[in-house]
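Structural overview for review
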Amino acid sequence: MKGFINLIKPQGMSSAYAVGAVKKKFNIPCGHMGTLDPMASGVLPVGLGKASRLFQYLLDKEKVYVARFKFGYSTDTLDVTGKTELDGGNIPTLDEINAVLPNFIGEIDQIPPKYSAKCIDGKRGYELARKGVEFELAPKKVCILDAKCLGQTAEDEFSFEFRCKGGTYIRSLARDIALSCGTLGVMSSLDRTTCGIFNYENGVSVDELKSSTDANKYIIPADEAVSFEKLVLSSRQAEKILNGVFENYGFNDGTYRVYNGAEFWGVGEAQDGVLKIKAYVR
């Protein structure tokens, strides 16, 4: 069995628990892409069996988040679940927010939250932060494709939508957008609505999956998740490659969805006419 379950994780549930429901349902090893914090909801792609090997080719796919930011204070976690560090900041207007948002579109430098899975000398940032260890995280390049404010949802809160590439921290955007407005801010809610081909339309809730008598209907074929050009091998080419014999078949350089006839083998990369399978799912 190979493919993906596009799980719609509810707020308040850990990603590990959600993936555990998939493992139990299909009785097969699973992996997930892009952990969602318990306070976040939305799309959580889960790879069944060897399909998890394709995640490395999905990490940089476009993601869409709908988030709410509260202004006027900051916390150690950059969201409303954390401990308040500073208070008393002003609440920006919609015009002030819209004036700074263009500065966050494109490739920008972003400092990840200390409460994150970033590694510092072999330790996760959140592990060190929970122990009160002082450390600094270096800025990283992230790509924001679009950023818009959807409107004001409370006296101190606004709703936003972000289209971005993988690796972007929305909590950091709450901090940085607030600072650009001359104030403080934290993330109060987060919903991932799109992750590559995965969205709410082709997703299934944890409860629906657990109660289904035909869970196979929710499986998205592995090759639908990757959008590279299709390459169908001849039987001779397939046999050679399977046995580790790499010959120059004149393939153009690039990354491909590789098939042996109708069977999807995985993702391969061609260089100088030679094709090597980098992520087998067969």
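Residues numbered from 1 in each chain as written. Predicted model: local features only at pLDDT ≥ 70, side-chain atom pairs only at ≥ 80, totals over all residues. Heavy atoms only, no water.

Things to note about the pairing of strand 4 (residues 63–71)
With eight bridges joining them, strand 4 and strand 11 (residues 157–164) adopt antiparallel strand pairing. The residue bridging Ala-67 from the neighbouring strand is Phe-160, located in strand 11. (Pairing = 2+ DSSP bridges. Helix = DSSP H or I, 4+ residues; strand = E, 2+ residues; numbered from the N terminus.)

Observations concerning the sheet that holds strand 17 (residues 248–251)
Pairing in this open sheet of five strands is mixed, and the strands run 16-18-19-20-17 from one edge to the other. Each edge of the open sheet is held by one strand with a lone partner, namely strand 16 (229–233) and strand 17. For this sheet, the mean angle separating the axes of adjacent strands, direction not counted, is 55°. Across five bridges, strand 16 lies against strand 18 (residues 254–260) in parallel orientation. Among the inter-strand pairings, Glu-229 is bridged to a residue of strand 18, identified as Tyr-256. Contacts between helix 6 (residues 235–242) and the sheet are confined to strand 16, strand 17, strand 18, strand 19 (263–271) and strand 20 (273–280), with strand 16 contributing the most and set at about 90° to the helix. (Axes fitted to C-alpha atoms, helices over the stretch in contact; angles between N-to-C directions. Contact = heavy atoms within 4.5 Å.)

A closer look at the pairing of strand 10 (residues 140–154)
In this structure, strand 7 (residues 106–110) lies alongside strand 10, joined through five bridges in antiparallel fashion. Bridging from a neighbouring strand, Gln-110 pairs with Lys-140 of strand 10. Bridge analysis of strand 10 against strand 11 gives eight bridges, and the strand direction is antiparallel. If you follow Lys-148 over to strand 11, its bridge partner there is Glu-161.

Overview of the side chain of Asp-176
Summarising the element assignment, Asp-176 is placed in helix 4 (residues 170–180). For Asp-176, a relative accessible area of 18% corresponds to the buried category. (Buried < 20%, exposed > 50% of the residue type's maximum accessible area, 1.4 Å probe, protein only.)

Brief notes about the nonpolar core
Membership of the largest hydrophobic core comes to 45 residues, with the highest contact counts inside it found for Ile-5, Leu-7, Val-22, Phe-69, Phe-160, Ile-170 and Leu-173. Core analysis: the second largest hydrophobic core is formed by 20 residues, Ala-51, Leu-58, Ala-225 and Val-281 among them. (Core = buried A, V, L, I, M, F, W, Y, C linked by side-chain atoms within 4.5 Å.)

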